[in-house]
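Coordinates in review
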Amino acid sequence: MGTPDTRKRLLRVLAGEVLAPPPVWLMRQAGRYLPEYREIRDRMPSFLDLCYTPELALRVTLQPLERFALDAAILFSDILVVPHGLGVEVGFVEGEGPRVATVRDERALRALRPPEALLERLAPVYQTVRLLASALPAGVALIGFSGAPWTLASYLLEGGASKEFLEARRAAREAEGFFSALVDRLTQAVCVHLEAQVEAGADVLMLFDSWAGVLPESERRRWVEEPARTIATALGRRFPHVPLICFPRGIGAGLLAFAERVPCRALSLDTSVPLAWAREALARERGKVLQGNLDPVALVAGGAALERETRAILAAFRDIPHIFNLGHGVLPETSPAQVARLLEILQNCGGGAM
Ligand code: 1CP
């Protein structure tokens with residue numbers, strides 16, 4: 001018996017507990033698949049205006065929690081606010097994604113503002129975190145986040161979304177001096193950005209390296225692992241109680257080396273990662289909490305496959321600390337009714353243990 005445990009379920013699992021059902025949240029849980037998001041978004045001149053208007057960013061962050069019993073809220077913002085805060089022009093073109101002024105040489109690098117400039121330029125983002133920290137229900141954890149240096153650098157080299165990442169991959173290979181300085185500068189900026197979110201009230205941090213998988217294995221250490229290691233170490237020193245979840249997307253078996261070198265608490269798995277392998281190699285042997293990894297398309301398609309795939313993930317991770325999530329973000333084509341169904345499936349698989 002005793003009194004029920006009121007600590008946040010997400011934090012309990014990040015501290016090593018096994019809970020059934022596992023805590024759940026979804027990458028991109030706020031956004032275009034929710035009509036109430038589109039309603040607010042359509043009233044704003046631009047996506048960045050929404051990110052920089054604390055009262056509205058707060059409302060949009062809370063929208064998915066009003067519909068679904070999620071265990072965490074993720075700050076409504078974007079990874080590209082970091083380059084924007086460094087003085088790079090950033091815009092979002094309807095239906096095309098981000099457009100970013102390129103930083104391709106030393107001169108452009110020198111023109112960037114220093115990392116500390118973020119504190120002033122991104123003040124509305126930190127204000128949103130502060131509002132969220134006092135608005136969230138007691139059991140809901142608040143996740144702050146940043147893009148990882150390689151992923152941010154790839155947008156600065158490409159000028160936007162890309163298929164081949166030719167400019168970024170070429171810069172990583174050829175211009176070691178320039179590229180190294182760029183990634184180091186971004187690493188400092190990411191530290192400043194994440195620390196400011198903790199100071200404003202974030203409980204957990206997540207580092208998105210969405211394009212880690214486009215680098216060859218031989219270059220991953222320098223551009224993916226080392227920056228993540230620097231960031232995890234700096235945050236761990238200053239805020240040992242704040243867990244960091246890393247998402248080096250698409251690196252496959254490279255997760256082993258990543259897990260060994262990066263002192264983060266948890267790894268978020270993309271859909272390509274085999275469940276049994278992750279349990280043994282990453283959780284049991286390397287002590288990482290695992291997050292993931294339902295295919296976002298399963299959530300669009302629904303039907304019997306949604307239940308089958310959800311149950312397979314729960315079964316594979318039932319005896320290790322696990323946070324249920326998708327393998328990548330919620331797709332705009334997703335029906336909110338399918339998200340409700342996913343949460344029902346999870347609840348019914350609870351197994352009664354706590
Ligand atoms: O007009 C709109 O509504 C813009 C759509 C949108 C939204 C809702 C963008 C543009 N960003 C976001 C919010 C966002 N982005 C969040 C907070 C919301 C939540 O999760 O609930 C987060 C955590 C991100 C992170 C993000 N942005 C990543 C990393 C995660 C991932 O998906 O891999 C990346 C790569 C971006 C860049 C970006 N911003 C927006 C788009 C469409 C993209 C992807 C562009 C590309 O494919 O390169």
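Turning our attention to the environment of glutamate 158. For glutamate 158, the location among the structural elements is in helix α9 (residues 149-158). Among the residues examined, glutamate 158 registers a relative accessible area of 18% and is labelled buried. For glutamate 158 and valine 100, which are 58 residues apart along the polypeptide, the C-alpha to C-alpha distance reads 8.0 Å. Each residue touching glutamate 158, except ones within four places of it in the same chain, is listed here: Thr102, Arg104, Phe165, Leu166, Glu167 and Ala168. A distance of 2.9 Å separates a polar side-chain atom of glutamate 158 from the backbone nitrogen of alanine 168.

Formed by 131 residues in total, the largest nonpolar core has its most connected members in Phe179, Leu182 and Leu267. Counting residues per element, this core draws most heavily on helix α11 (residues 176-200), at 13 residues. With sequence-adjacent residues up to four places away left out, phenylalanine 179 is seen in contact with Trp150, Ala153, Leu157, Ala168, Ala171, Ala172 and Trp223.

Before going further, it helps to examine the pairing of strand β4 (residues 141-147). Burial of β4 is extensive: 7 of the 7 residues sit out of reach of the surface. Inspection of the sheet shows β4 paired to strand β5 (residues 204-209) by 5 bridges, in the parallel sense. If you follow phenylalanine 145 over to β5, its bridge partner there is methionine 206.

What counts, and where the lines are drawn
- Residues numbered from 1 in each chain as written.
- Predicted model: local features only at pLDDT ≥ 70, side-chain atom pairs only at ≥ 80, totals over all residues.
- Heavy atoms only, no water.
- Helix = DSSP H or I, 4+ residues; strand = E, 2+ residues; numbered from the N terminus.
- Buried < 20%, exposed > 50% of the residue type's maximum accessible area, 1.4 Å probe, protein only.
- Contact = heavy atoms within 4.5 Å.
- Polar contact = N/O pair within 3.5 Å; in protein donor to acceptor, adjacent residues only side chain to side chain.
- Core = buried A, V, L, I, M, F, W, Y, C linked by side-chain atoms within 4.5 Å.
- Pairing = 2+ DSSP bridges.

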